[in-house]
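One-letter residues, chain by chain:
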Amino acid sequence: DTMGRPPLNALQGFVTAARMGNLTRAADALHLTVSALSHQIRSLEERLDQRLFERGPRGVTLTAEGSRLLARVGPQLDEIELALRPFAARHDDV
């Protein structure tokens, strides 16, 4: 596999933008600038050689490829977040 390690931050950005349908709100939720989030998504699209979003005046909508990626990656990222939650809770107690 010549792709190397998956870009988890870009995948998280993609999933958040896909679920919100809006780059500005997604960037706010991720504490990123819209420009940084757009760059992450563009780099992911280049890496996969697929358009993931149609960009429109009212936000973004998923392409067929984007929908497939969201279906496969979204639940996995949710699982990672759940797995990390107990550690975050313990950290807050310190």
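A.B. asks: Can you help me understand the overall build of the protein in this one?
C.D. replies: Helix and strand counts for the protein stand at four helices and two strands. Secondary structure elements of the protein occur, N-terminal to C-terminal, as α-α-α-β-β-α. Based on the C-alpha atoms only, the size of the protein along its principal axes is roughly 45 × 35 × 20 Å. Counting the 94 residues in the protein, one finds 32% classified as buried. In the protein, the proportion of contacts linking residues at least 24 apart, taken out of those at least 6 apart, comes to 50%.

A.B. asks: Just to check I follow, could you spell out the pattern of salt bridges for this structure?
C.D. replies: Where charged atoms of side chains with opposite charge meet at close range, the side chains can pair. According to the stated counting rule, one finds four salt bridges in the structure shown. The salt bridge partner of E45 is R55, with a shortest N-O separation of 3.2 Å. A residue pair is termed long-range when its members are at least 10 positions apart, and E45 in helix α3 (residues 34–48) and R55 in strand β1 (residues 53–56) qualify at ten residues. Exposure remark for E45: the relative accessible area of 8% places this residue in the buried category. You can call R55 partly exposed: its relative accessible area is 43%. As a salt-bridge pair, E81 and R85 come within 3.5 Å of each other at their nearest N and O atoms.

What counts, and where the lines are drawn
Residues numbered from 1 in each chain as written. Predicted model: local features only at pLDDT ≥ 70, side-chain atom pairs only at ≥ 80, totals over all residues. Heavy atoms only, no water. Helix = DSSP H or I, 4+ residues; strand = E, 2+ residues; numbered from the N terminus. Buried < 20%, exposed > 50% of the residue type's maximum accessible area, 1.4 Å probe, protein only. Contact = heavy atoms within 4.5 Å. Salt bridge = Lys/Arg side-chain N within 4 Å of Asp/Glu carboxyl O.

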